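As a plain string of letters, each chain reads:
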Amino acid sequence: MPRDVSAAFRNLANAFEMMRGGEGDAAPTPTNSHDELLGQLVQSLMDSAEHPPSEVEGVSDEFIEQLERVPKKSLKEDMSCPICSNPFLEDTHPLVVRLPCHGDHFFDLECIQPWLKLNPTCPMDRQKLVKKKPPPPPKDEEDGEYDDMFA
């Protein structure tokens, strides 16, 4: 990922815009639900590029590695990636993942991974995909080693 967070958002927005068949100018012209989703993603990313966060809140590599892989035999002919609009079964070896937010949010791993590295949310319903773990409780000093003195 580029060190400049703003550049990372612009790169991702341009990649999504190219998937839509645009020229990378991030001007949405929705003609179907996939174009509309990509248009929203591009606009969100360009807004983030203009006002980049001080730190990126994306998910960890471990989270991405643990996403549920969808077996090819479970995919149907009419199923496609909401980001690139390519039917999953056009690929001879599709790598499709299901996001934990909703049972039917399927994506090509190569499409969803850049989004998740910058955003901890599902691009379709914006649900947070990871919950921050609460800090561990402070350890009591009495829970330490057993002392014979008080036995």
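A quick note: this is a predicted structure, and the numbers were derived from the prediction, not measured.

Cut-offs applied
Residues numbered from 1 in each chain as written. Predicted model: local features only at pLDDT ≥ 70, side-chain atom pairs only at ≥ 80, totals over all residues. Heavy atoms only, no water. Salt bridge = Lys/Arg side-chain N within 4 Å of Asp/Glu carboxyl O. Helix = DSSP H or I, 4+ residues; strand = E, 2+ residues; numbered from the N terminus. Buried < 20%, exposed > 50% of the residue type's maximum accessible area, 1.4 Å probe, protein only. Pairing = 2+ DSSP bridges. Axes fitted to C-alpha atoms, helices over the stretch in contact; angles between N-to-C directions. Contact = heavy atoms within 4.5 Å.

Structural notes on the pattern of salt bridges
Pairs can form between side chains of opposite charge whenever their charged atoms are close. Applying the stated rule across the entire model yields two salt bridges. A salt bridge links aspartate 61 to lysine 117, with the shortest nitrogen-to-oxygen separation between them at 2.3 Å. One end of the pair, aspartate 61, is in helix α3 (residues 61-65); the other, lysine 117, is in helix α4 (residues 109-118), with 56 residues separating them in the sequence. Residue classification places aspartate 61 among the partly exposed positions, given a relative accessible area of 39%. For arginine 98, the salt bridge is made with glutamate 68, and the minimal N-O distance between the two is 3.1 Å. With arginine 98 in strand β2 (residues 96-98) and glutamate 68 in strand β1 (residues 68-70), this pair connects stretches of sequence that are 30 residues apart.

Some remarks on the sheet that holds β1
Strand order in this open sheet of three strands is β1-β2-β3, and the pairing throughout is antiparallel. One side of each edge strand has no neighbouring strand; the edge strands of this open sheet are β1 and β3 (106-108). This sheet shows a mean twist of 40° between the axes of neighbouring strands, independent of strand direction. Against the sheet, α4 engages β1, β2 and β3, with an angle of about 95° to β3.

Side note on unusual backbone geometry
One non-glycine residue with positive phi stands out, namely serine 85, at about 70°. Relative to the helices and strands, serine 85 resides in the loop between β1 and β2. Here arginine 126, not a glycine, exhibits a phi torsion of approximately 60°, which is positive. Note on placement: arginine 126 falls in the segment after α4. Judged by its relative accessible area of 38%, arginine 126 falls in the partly exposed class.

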